Amino acid sequence: MTERINELIAEVEAFSSRAAGEIEDFRIRMLGRKGRVTELMEEFKTVAPEMKRTLGQKLNELKTKAQQRINDLKATAGTSTAKIPAAGDMTRPGKGAAEPTGSRHPISLVRNEIVGIFDRMGYTVAEGPEIEDDRHVFTALNFAPEHPARDMQDTFFIEKNPDVLLRTHTSSIQVRVMETQEPPIRVICPGRVFRNEAISYRAHCIFHQVEGLYIDEGVSFADLKQTLLHFAREMFGAETKIRLRPSYFPFTEPSAEMDVSCALCGGKGCPVCKGTGWLEIMGCGMVDPNVLEACGIDNKKYTGFAFGMGIERIAMLKYGVGDLRLYFENDVRFLHQFAAAL
Ligand code: DAH
């Protein structure tokens, strides 16, 4: 009898179907009034008392398994009339292309690359709030009260309160870092920024920047230059040259604008670099002593440099994207082109 029970258990386990009719037939054949399990139950009554315990357990196992299998199959019945083998064909190829894979957004790719380069130079990542106050975006960064950048034209203010605004640059993060950390400070601050600009192929009201800040004893302009040269070579290739042009920012003195040699024409001049051989990619300079003081850092003991760049601009140069709006429209045809660049 044990053998017959085992045979039936194997049969139950092997049975599979999606056709409701076949499942019902199977139920009748097993558990119906004249079914094989029911028959065994009858026979069980005549078994010698010393055998009852083990055989009873086995029989119960068979009955529960049969019931369970039938219930499970009924739950999926009707989806197809084809018989499916219990374990499926394990050698069939996977569905693969049926599940589309996503891709990273080009802005994330470029941000990760920039952060990676500075991470290898010992910088840590710092972040800050997108909704800011005047102090962190302007005042502590040495913007004079009448500075045009505070104008409603550029800055989004919230609820008519001039002290609640969307940050217009990630330089606000350097203020927050200096307020809370002691030098030496070496941070890289990626983030989203907002400006009240008309949207066109070359301007948007939302974009992304990466800010860098290095403060310690004896930091010089030469350190800034060497750091940025290393960055440019990592980002655009070992042959890249840099050029620093004098400029003005309220929070740095002296200030400069950095150009890299055009990777497309190798500096000879082409439409992308407008024939100059150079591409402007960031602003930089030595942190103004007024800024150090406003953030509680001893400006007699410490000096530092800062720099800031737009991620969209670098992504445009790297991938040859001519229209800023593409970054924000989430058109999958655009985004899929970056699938390989994970
Ligand atoms: N915050 C500047 C901007 O949004 C960029 C910048 C320039 C950042 C010079 C800096 C810097 O840290 O030193 O245009």
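What counts, and at which threshold
- Residues numbered from 1 in each chain as written.
- Predicted model: local features only at pLDDT ≥ 70, side-chain atom pairs only at ≥ 80, totals over all residues.
- Heavy atoms only, no water.
- Helix = DSSP H or I, 4+ residues; strand = E, 2+ residues; numbered from the N terminus.
- Buried < 20%, exposed > 50% of the residue type's maximum accessible area, 1.4 Å probe, protein only.
- Areas by Shrake-Rupley, 256 points an atom, 1.4 Å probe, with all protein chains shown as cover.
- Lys, Arg positive; Asp, Glu negative; His and termini not counted.
- Charge placed at Lys NZ, Arg CZ, Asp CG, Glu CD.
- Core = buried A, V, L, I, M, F, W, Y, C linked by side-chain atoms within 4.5 Å.
- Contact = heavy atoms within 4.5 Å.
- Expected span 1.5 Å × (residues − 1).
- Arc of directions from axis to C-beta.
- Domains from an automatic or database assignment.
- Polar contact = N/O pair within 3.5 Å; in protein donor to acceptor, adjacent residues only side chain to side chain.
- Pairing = 2+ DSSP bridges.
- Axes fitted to C-alpha atoms, helices over the stretch in contact; angles between N-to-C directions.
- Near = heavy atom within 4 Å.
- Nonpolar A, V, L, I, M, F, W, Y, C, P; charged D, E, K, R; others polar.
- Salt bridge = Lys/Arg side-chain N within 4 Å of Asp/Glu carboxyl O.

What follows concerns the overall build of the protein chain. Looking only at helices and strands, the protein chain has 11 helices and 10 strands in total. The principal-axis extent of the C-alpha atoms belonging to the protein chain is close to 105 × 45 × 45 Å. Per-residue burial over the protein chain gives 41% buried out of 342 residues. With the model as given, the accessible surface of the protein chain reaches about 19300 Å², and the carbon-plus-sulfur share is 52%. Where the 43 positive side-chain charges of the protein chain centre and where its 47 negative ones centre are 9 Å apart.

Bringing the nonpolar core into the picture now. By size, the foremost hydrophobic cluster in this structure holds 45 residues, and its most contacted members are Ile114, Phe231, Ile281, Phe307, Met309 and Ile314. Broken down by secondary-structure element, the contributors of at least two residues to this core are α5 (106-119), β6 (206-216), α8 (221-236), β8 (252-261), β9 (278-287), β10 (303-310), α10 (311-319) and α11 (332-335). Take this core: its biggest share by element is seven residues, from α8. For phenylalanine 307, the contacting residues outside a window of four places in its chain are Phe118, Ile188, Val210, Glu211, Gly212, Leu224, Leu228, Met282, Gly283 and Cys284. Membership of the second largest hydrophobic core comes to 25 residues, among which are Val175, Ile215, Val291 and Ile297.

It is worth spelling out the environment of glutamate 217 at this point. Structurally, glutamate 217 can be placed in the loop between β6 and α8. A C-alpha to C-alpha distance of 81 Å links glutamate 217 and glutamate 11, two positions 206 residues apart in sequence.

Over its 13 residues, helix α1 (residues 2-14) extends 19 Å from the first C-alpha to the last, a length consistent with the 18 Å expected when each residue adds 1.5 Å. Inspection of α1 places Ile5, Leu8, Ile9 and Val12 among the buried residues, and these make up the whole buried set. Buried residues of α1 fall within an arc of 105° about the axis and therefore sit on the same side. What points out from α1, more than 90 degrees from its buried face, is the exposed set Glu3 and Ala14.

According to the domain assignment, the protein chain contains domain 1 (2-77) and domain 2 (106-341). Its C-alpha centre places domain 1 at a distance of 73 Å from the equivalent point of domain 2.

To continue, consider the side chain of histidine 204. Mapped onto the elements of the fold, histidine 204 is located in the loop between β5 (185-194) and β6. Given a relative accessible area of 11%, histidine 204 falls into the buried group. Polar contacts involving the side chain of histidine 204 include one to the main-chain amide nitrogen of isoleucine 206, which spans 3.3 Å. In this structure histidine 204 touches Arg195, Glu197, Ile199, Leu324, Arg325 and Phe328, once residues within four positions along its chain are discounted.

In this section: the sheet that holds β9. Overall, mixed pairing links the seven strands, which are arranged β1-β5-β6-β10-β9-β8-β7 in an open sheet. With one partner strand each, in any of the chains shown, β1 (124-125) and β7 (242-249) form the two edges of the open sheet. Pairing of β8 with β9, which is carried by eight bridges, proceeds in the antiparallel orientation. Residue pairing for β9: valine 260 is matched across the bridge by leucine 279. In the packing of α8 onto the sheet, contacts are made with β7, β8, β9 and β10, and the angle to β9 comes to roughly 150°.

To continue, consider the site of the ligand. Around the ligand lies a shell of 15 residues, among which His169, Ser171, Arg195, Gln209 and Glu211 are the nearest. Within the backbone of alanine 306, a nitrogen or oxygen atom sits 3.2 Å from an oxygen atom of the ligand. Taken together, the residues that form the shell around the ligand break down as five nonpolar, eight polar and two charged.

Let's shift gears to the environment of aspartate 216. Summarising the element assignment, aspartate 216 is placed in strand β6. Here the alpha-carbon distance between aspartate 216 and glycine 304, two residues 88 residues apart in the chain, equals 6.2 Å. When near neighbours in sequence (up to four residues on either side) are disregarded, aspartate 216 contacts Pro184, Tyr302 and Thr303.

Let's shift gears to the pattern of salt bridges. Per the counting criterion, the structure on display carries 19 salt bridges. Where lysine 58 meets glutamate 61, a salt bridge forms, and the shortest distance between an N and an O atom there is 3.7 Å. In this pair, lysine 58 and glutamate 61 both sit in helix α4 (residues 49-76), three residues apart, roughly one turn of the helix. A residue is classified by how much of its surface remains accessible, and lysine 58, at 24% relative accessible area, is partly exposed. A salt bridge links arginine 333 to aspartate 331; the shortest N-O distance between them is 2.7 Å. The class for arginine 333 is exposed, based on a relative accessible area of 64%. Residue classification places aspartate 331 among the partly exposed positions, given a relative accessible area of 25%.

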